[in-house]
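Listed below, chain by chain, are the residues.
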Amino acid sequence: MRGNGNIQQRIFGKAQLKRLAIVGLIVLFSGNCYSQVRSHVVSGSELEYGPVLFEYYQQDYFNGLVEHGYAQAAENRVAVGAASQLLAGSMMLRYGMPDNAMKIFHALLDENSNTEVRNRAWYHLARLYYNKSDKPSANRALNRIEGEIPPALHIEYHYLASLIKNDGNHIQAASESIAGLSDRLPQYSYLLFNLAVTQLRLGNVLDAVLNLEDIASYSGDNRELQALTDRAKHGLAQMATQAQDLPRAWAYLTGIRTTGLYSNRALLSYAWTAINMKLYNEAIPALQLLDQRSIAIPEVQEAKVLLAHLYEQDGSPRKALKSNLLAEKAFQQGLASLDRAREIIARRDVPREFIENLEAIMDESDWYAANASVDYKTLTPFLIDLMASHPFNETLKDLAALYALEDNLIYWLTQTSEHKLILGNAVDKTVQSELQELLQRSDEINERFRDQKAEIKLTTLTLEQEEKERFDVLIESAEHDLMILDDKIKQLKKVRKPYVQPAEYVPLVDENHKRIETELARTRLFIQQLEPVMRKLVTAELKTHEERMRYYWAQSRLAKARLFDSTLLTLEKAKSQSDAESSESEKR
């Protein structure tokens, strides 16, 4: 839907698309359900409310809230209804205004007895609490939903419940409902995956395997679903390995892409499965592919040690020694990268720059397998697991909202001098005398034009019929322009006195400027409180990486020392044997 909207905007332009959406594609309200679609506009109120829905479906929640506020101030019948309040609360929640959204939802619960409205309010409250990482409150909110779930919220409700209710209480209802859901919906695959994880946790392995198999059968080109498919196949491979069914695990692993978010885990699992099946030659290429990737990735660190061990077991001590030497060097470089990453996160503007570059980072196809080249890429490979954490993502979202708010406040604060200049010029303007002169000149010009028009008409009487018709068209156009000008002059003549700026404007503008300064200071205080939280989470993740990297580094050094000792013992043994043979030859 979003992609189609962007294409339409490029073809028609946003203004034309907006008119089309209001007139032809408006989503209308029926009762208390804002998701029901009608085939035509029933009232002028619904037509006027169209811009709110247009911005909502374009996911432009700021402008959607502005349009909703305007409609509400104009006492639009639709805007003051319960369904519209739910829509406004949903937009506030998505825009990062949870406190305002919570007030709306609680007000609807207190004032409205309609079951559908209450169910929607409880659902949005559950989402709000989940975004705050308050799962107990989110679970309580979901439990308050009674009766039939609105069709538009059916899959969203079950998906949210699959994230919150991980104790198995929701699994029966979800299993019964999932058969009626369309696999074309984007949330379907994620709901299926979460359901499989819950089933596996409860020991229902067969149903979990069937659901994961359903996900693994995806063959489309959606990158997000491809990554989920790889994850499902990797999970199936792990389950098969635990069941000692190595051929089946091997079949799942061979179906996972060698690039993608889960390729690192898949390659390592592939190597271990090959080793367990005694297919050592099959394991080495997978480990060599991992060996070329960033040392920041845990699977790469394990692969380096495992590759050297395989060479040693295969009777190639020279390859094993070389592999350990290269691994030791790579671990040293990895630890140096960790130190640089700590320096980066300690810099003043890094949280802001990291968030601004986050979308670009996540859009790159293989950044997690590449060597870091710029600052935020030096930091990013160490944060793969952390960025999958819900609390860390919520911290980033809150910081992003605060940065956007700070930028907006700074912009409006810079307009202070312009506002004061406009107000000052408005006070000094005295245009009444100039207006009278303008009106007098306009009357004279208008009279002169009328005389000239009469002369032109008399002149055209002597022309040929074809030329006369041409002049008639020009005269009619000129008469139309003169009529418009005459109308404007009449309007100006009605002005009895010049515009006087209201006295309350200046103090009102000054008050708003002071309010902007207060809000800016408050926003910066929140940023100062939240940035250390992000830095602390990142620092803890970097410490975990360092401990693991030092462990594997020690393993490489021990293996290198053992190989050196083994080589020296072999050389000494060969030398002793050679000396003994030389002594026997001399005796002979």
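Just so it is clear, the model here is predicted, and its values are computed rather than measured.

Colleague: Explain the overall build of the protein here, please?
Modeller: Within the protein one finds 27 helices and zero strands. Per-residue burial for the protein yields a buried fraction of 39% across its 588 residues. Sequence separation of 24 or more characterises 64% of the internal contacts of the protein that already satisfy a separation of 6 or more.

Colleague: What's the story with the confidence of the model for the protein in this structure? I'm lost.
Modeller: Detailed reading of the predicted model is not advised wherever pLDDT is low. In this model, the protein carries an average pLDDT of 77, and 78% of its residues clear a pLDDT of 70 or more. Scored below 50 in pLDDT, residues 1-39 shows 70 contacts in the model against residues more than four places distant or in partner chains.

Colleague: In this structure, what is going on with the nonpolar core? I would like to understand it.
Modeller: Inside soluble globular proteins, nonpolar side chains tend to come together where they are buried. Core analysis: the biggest nonpolar cluster contains 44 residues, and L212, I215, A283, L287, L290 and L310 have the highest contact counts within it. Residue assignment for this core shows that the elements contributing at least two residues are helix 12 (186-201), helix 13 (205-216), helix 14 (223-242), helix 15 (246-254), helix 16 (263-276), helix 17 (280-291), helix 18 (298-313) and helix 19 (317-346). Setting aside chain neighbours within four positions, we find A283 in contact with A271, A274, I275 and L310. Listed in part, the 41 residues of the second largest apolar core include L65, A79, L128 and A161.

Colleague: Looking at this structure, how should I read the pattern of salt bridges?
Modeller: With the rule as written, the count across this model stands at 14 salt bridges. A salt bridge links D99 to K132, with the nearest nitrogen and oxygen atoms 3.9 Å apart. Of the two residues, D99 sits in helix 7 (residues 98-111) while K132 sits in the loop between helix 8 (115-131) and helix 9 (135-143), which places them 33 residues apart along the sequence. With its nearest N and O atoms 2.6 Å apart, the salt bridge here joins R342 to E546. You can see R342 sitting in helix 19 and its partner E546 sitting in helix 27 (residues 505-587), a full 204 residues away along the chain. For R342, a relative accessible area of 26% translates into the label partly exposed. Taking relative accessible area as the criterion, E546 reaches 19% and is therefore assigned buried. Bridged by salt links that share partners, the residues D339, R342, E546 and R550 form one connected network.

Colleague: Looking at this structure, how should I read the packing of helix 13 against helix 14?
Modeller: Helix packing for two helices is described by the angle between their axes and how far apart those axes are. With their axes 8 Å apart at the nearest point, helix 13 and helix 14 run at an angle of 145 degrees to one another. As for how helix 13 packs across helix 14, the hand of that crossing is left-handed. Side by side, helix 13 and helix 14 meet where V205, V209, L212, E213, I215 and A216 of the first sit next to L228, T229, A232, K233, L236 and M239 of the second. By residue class, the composition of the contact of helix 13 with helix 14 is nine nonpolar, one polar and two charged.

Colleague: Looking at this structure, how should I read the environment of A216?
Modeller: In this fold, A216 is placed in helix 13. Classification of A216 by relative accessible area gives buried; the value is 12%. Residues A216 and I256 lie 40 residues apart in sequence; the distance between their C-alpha atoms is 9.5 Å. Sequence-distant contacts of A216, that is, excluding residues within four places in its chain, are made with T229, A232, K233 and L236.

Colleague: What is the right way to read the packing of aromatic side chains from this model?
Modeller: One pass over the structure, following the stated rule, counts seven aromatic pairs. Plain terms: the ring middles of Y411 and W412 are 5.2 Å apart, the flat faces sit at 70 degrees to each other, and that makes the pair edge-to-face. By relative accessible area, which is 45% here, W412 ends up partly exposed. Here the aromatic cluster, defined as three or more aromatic residues joined through ring pairs, consists of Y56, Y57 and Y61. Here the guanidinium or amino end of R557 rests over the ring plane of W553, the centre of that ring lying 4.2 Å away.

Colleague: It is not clear to me how helix 16 should be interpreted in this structure. Could you clarify?
Modeller: A rise of 1.5 Å per residue sets the reference length of helix 16, with its 14 residues, at 20 Å; its end C-alpha atoms lie 20 Å apart and thus fit the reference within 8%. Within helix 16, 11 of the 14 residues are buried, which leaves it mostly tucked inside the rest of the structure. Listing the buried residues of helix 16 in full gives S263, N264, A266, L267, L268, S269, Y270, A271, T273, A274 and I275. Contacts from the buried residues of helix 16 go to helix 14, helix 15, helix 17 and helix 18. Downstream of helix 16 by a residue or two, K278 has a phi angle that is positive, lying close to 65 degrees.

Calculation rules
- Residues numbered from 1 in each chain as written.
- Predicted model: local features only at pLDDT ≥ 70, side-chain atom pairs only at ≥ 80, totals over all residues.
- Heavy atoms only, no water.
- Helix = DSSP H or I, 4+ residues; strand = E, 2+ residues; numbered from the N terminus.
- Buried < 20%, exposed > 50% of the residue type's maximum accessible area, 1.4 Å probe, protein only.
- Contact = heavy atoms within 4.5 Å.
- pLDDT = per-residue confidence, 0-100.
- Core = buried A, V, L, I, M, F, W, Y, C linked by side-chain atoms within 4.5 Å.
- Salt bridge = Lys/Arg side-chain N within 4 Å of Asp/Glu carboxyl O.
- Axes fitted to C-alpha atoms, helices over the stretch in contact; angles between N-to-C directions.
- Left-handed = near helix turned anticlockwise from the far one by under 90°.
- Nonpolar A, V, L, I, M, F, W, Y, C, P; charged D, E, K, R; others polar.
- Phe/Tyr/Trp six-rings, centres within 6.5 Å; stacked < 30°, edge-to-face > 60°.
- Lys NZ or Arg CZ within 6 Å of the ring centre and 35° of its normal.
- Expected span 1.5 Å × (residues − 1).

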